[in-house]
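# Notes for the structure review
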Amino acid sequence: MVNVLIDGLKERISNAIKINQSIGIILPAANYPDLIQALFERISSNPEEAWVYVTVTKPCENIINQFDFLKDVKNIKFVDCISRAAGINKANDNCIFVESPTMLEKIGLEIINVFKEVDEKVKKYLVIDSLTNLIIYNDPDIVTEFFYHIINRTRTRNIHTISLAIEEEELDKYLTRLIYLNDKILKVRDSFI
Amino acid sequence: MPVSELSKKDEIKNELCKTGIEELDIMLGGGVPTGSTVLVVGSSGSGKTTLCMQYLINGAKEGERGVFFTITEPLFKLTKNMEGFNFYDKKLIESGMVNLIDLRIISERLGLDTEKYTVEDASALLDILRDIADELNVKRLIIDSITALCYRLQTPEMIRDFIFKLGSSLAAMKCTTLLTSEVPPRKFQYSQYGIEEFISDGIMFLGDIERKGDLIRTFQLVKMRGAAHSRTKAAMSISTKNGVELTPLLKSRE
């Protein structure tokens, strides 16, 4: 059942990102592990693409340990906004550490710097995991402004964006405003398969 | 200043001296007008020295010789701090494209190691700075910091005269000068003595803002004579990989 769910998610994400510049994924917290597994499997099975994964949710070390296959994946670079703030100082060549999730300009700078080093012909993708957590560390207005900047800057550079929003009972009103800036919204439901 | 010298200065100003920091050159409308004297203002740790050194090294990489006069820290400390940055290239120092000079040693050799300079002392120092710039044929010059130097000048008139004469003679050599100015943190002032900013052609202000207890570095071009420059406040990042980088500052109120 789990594999079916992950395969279903992978297919939905792949199809959506092919035709849309930016997609927002709204998902219940319970489905978060399945979704990121689907994302990482999608990334690792397309080594010709370049991905930047901004994590505000889990330290990149934890993600790599959780998904062992990521240790050999070369087409993903992490921008970890949480480790340093949590006092985790372990270095990782595949990861750029931002001191704090409040340093939004620095996050934006690091994203663009990674993509600048990628060949123009290579397809580029950005994942923001997650808008929900950015709002925990920042005021919603500044996250909105940040997200506008990111969406506009990535569009001009032909970078596809996937942003995650985790909903509990109901999606926060700020998150609703943010997530609908994307070209396409995917809603993940336990029962959608 | 004689009219002929003024028109010469205007002529020079049409040329631009690229800092080599991409976003800064965009904010400047291409670069600093050649021959300008620019004040780089900031509190301790704001990135003044790094920005100046990057400007100097980027210039040397483009074939423009430069000199860095340090007053605030010994040369070994300065080079040790810079070695960590990717932009730093030791070969440029060895080849003489970038010259690092401890101004305190020069002052001592000139017998100027007194607490306060007389008018004659200031004049002798000015001459030596001009001679070094001329002899090395430098196009970029840094004094880090003008605050420490001004501390030894006894009156506001001496400070005004010193900076004005230094700026004028370096402009005639088509040398673009950055002077670092130390100010207390979170104070909206451009210099310690309140004179330096009026004589300078440009002001770059390095500050910070607090966001949820974290400090975000900021950069603002307050003034740049002869340039249609941006006045927006940018966020500034300093990293060993890329040195100083600028990006639009998010403006939403906290």
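Notes on the structure follow.

Thresholds applied
Residues numbered from 1 in each chain as written. Chains lettered and ligands numbered in written order. Predicted model: local features only at pLDDT ≥ 70, side-chain atom pairs only at ≥ 80, totals over all residues. Heavy atoms only, no water. Helix = DSSP H or I, 4+ residues; strand = E, 2+ residues; numbered from the N terminus. Contact = heavy atoms within 4.5 Å. Axes fitted to C-alpha atoms, helices over the stretch in contact; angles between N-to-C directions. Parallel < 35°, antiparallel > 145°, perpendicular 65-115°, else oblique. Left-handed = near helix turned anticlockwise from the far one by under 90°. 1 Å grid on protein atoms, 1.4 Å probe; cavity = no way out; pocket = protein on both sides within 12 Å on 5 of 7 lines; lining within 4 Å. Points joined across faces, edges and corners; volume = space filled by probe spheres on them. Nonpolar A, V, L, I, M, F, W, Y, C, P; charged D, E, K, R; others polar. Pairing = 2+ DSSP bridges. Buried area = accessible area lost by both parts, 1.4 Å probe. Salt bridge = Lys/Arg side-chain N within 4 Å of Asp/Glu carboxyl O. Polar contact = N/O pair within 3.5 Å; in protein donor to acceptor, adjacent residues only side chain to side chain. Buried < 20%, exposed > 50% of the residue type's maximum accessible area, 1.4 Å probe, protein only. Phe/Tyr/Trp six-rings, centres within 6.5 Å; stacked < 30°, edge-to-face > 60°. Lys NZ or Arg CZ within 6 Å of the ring centre and 35° of its normal.

## Concerning the environment of asparagine 92 of chain A
Residues and elements named next belong to chain A. Mapping asparagine 92 onto the fold places it in the loop between β3 (76-80) and β4 (95-97). Taking the C-alpha atoms as reference points, asparagine 92 and tyrosine 53, 39 residues apart in sequence, are found 14 Å from one another. Setting aside residues no more than four positions away along its own chain, asparagine 92 makes contact with Cys60, Glu61, Ile64 and Phe97.

## As for the packing of helix α7 (residues 119-136) of chain B against helix α9 (residues 156-172) of chain B
Residues and elements named next belong to chain B. Interhelical geometry of α7 versus α9 gives an angle of 20 degrees and a closest axis separation of 10 Å. Judged by the inter-axis angle, α7 sits roughly parallel to α9. α9 is crossed by α7, and the crossing has right-handed handedness. Listed contacts from α9 to Val119, Ala122, Leu125, Leu126, Leu129, Arg130 and Ala133 of α7 are Met158, Phe162, Lys165, Leu166, Ser169 and Leu170.

## Thoughts on the layout of surface pockets
Put simply, the largest pocket is a space of about 610 Å³. Surrounding the largest pocket, 29 residues form its lining, Lys77, Ile96, Val114 and Glu117 of chain A together with Lys241 of chain B being those nearest its centre. Secondary-structure elements contributing two or more residues to the lining of the largest pocket are β2 (50-55), β3, β4 and α4 (104-116) of chain A. A per-element tally of the lining of the largest pocket places α4 of chain A first, with 4 residues. Here the lining of the largest pocket is built from residues that sort into 12 nonpolar, 7 polar and 10 charged. Space inside the second largest pocket adds up to approximately 440 Å³. Taken together, 24 residues line the second largest pocket, and the ones lying closest to its centre are Glu99 and Met103 of chain A together with Leu215, Arg217 and Met236 of chain B. Among the elements of the structure, α4 of chain A together with β8 (202-211), β9 (214-224) and β10 (234-239) of chain B are those that each provide at least two residues to the lining of the second largest pocket.

## With respect to the sheet that holds strand β7 (residues 184-187) of chain A
Residue and element names in this part refer to chain A. With parallel pairing, the 7 strands of this open sheet are ordered in space as β4-β3-β2-β5-β6-β1-β7. The open sheet has two edge strands, β4 and β7, and neither has a second partner. Strand-to-strand, the axes of this sheet are offset by a mean angle of 20 degrees, without reference to chain direction. Set on the sheet, α4 makes contact with β2, β3, β4, β5 (124-129) and β6 (159-167); between it and β2 the angle comes to about 165 degrees.

## A closer look at the interface of chain B and chain A
If you look at the interface, chain B gives 23 residues, while chain A gives 19 residues. Per-residue buried area on chain B facing chain A is highest for Lys212, Thr247 and Leu250 of chain B; these three make up 32% of the total on that side. Two residues, lysine 241 of chain B and glutamate 117 of chain A, come together in a salt bridge whose shortest N-O distance is 2.6 Å. Linking chain B to chain A there are 11 residue pairs in polar contact (both at pLDDT 80 or more). Going through the elements one at a time, α2 (22-28), β9, β10 and β11 (243-248) of chain B are the ones with two or more residues in the side of chain B that touches chain A. Among the residues making up the side of chain B that touches chain A, the classes are represented as 8 nonpolar, 5 polar and 10 charged.

## Quick look at the pairing of strand β3 (residues 37-42) of chain B
All names here are of chain B. The buried fraction of β3 amounts to 6 of the 6 residues, a majority that puts the element mostly inside the structure. Residues Thr37, Leu39 and Val41 of β3 are buried on one face, and the alternating residues Val38, Val40 and Gly42, pointing to the opposite face, are buried as well. Relative to strand β7 (residues 176-182), β3 is paired through 6 bridges, and the arrangement is parallel. By the bridge assignment, leucine 39 is partnered in β7 with leucine 179. In this sheet, β8 lies alongside β3 in parallel orientation, the contact comprising 5 bridges.

## Side note on the pattern of salt bridges
Residues and elements named next belong to chain A. In total, this model carries 19 salt bridges over all chains according to the counting rule given. Close ionic contact of lysine 10 with aspartate 7 constitutes a salt bridge, the shortest N to O distance being 3.8 Å. Here the residue lysine 10 and the residue aspartate 7 both occupy positions in helix α1 (residues 2-19), the gap between them amounting to 3 residues, near one helical turn. The shortest N-O distance in the salt bridge between arginine 177 and aspartate 141 comes to 3.4 Å. Of this pair, arginine 177 sits in helix α7 (residues 173-179) while aspartate 141 is found in helix α6 (residues 140-156), placing the two residues 36 residues apart along the sequence. Taking relative accessible area as the criterion, arginine 177 reaches 44% and is therefore assigned partly exposed. Linked by salt bridges that have partners in common, Asp7, Lys10 and Glu41 make up one network.

## So, the packing of aromatic side chains
Residues and elements named next belong to chain A. If you walk through the whole model with that rule in mind, you get 10 aromatic pairs over all chains. Counting every residue linked through ring pairs, the aromatic cluster contains Phe40, Tyr53, Phe67, Phe69 and Phe78. Positioned over the ring face of tyrosine 125 is arginine 42, at 6.0 Å from the centre of the ring. A cation over an aromatic ring shows up here: arginine 84 above the ring of phenylalanine 97, its NZ or CZ 3.9 Å from the ring centre.

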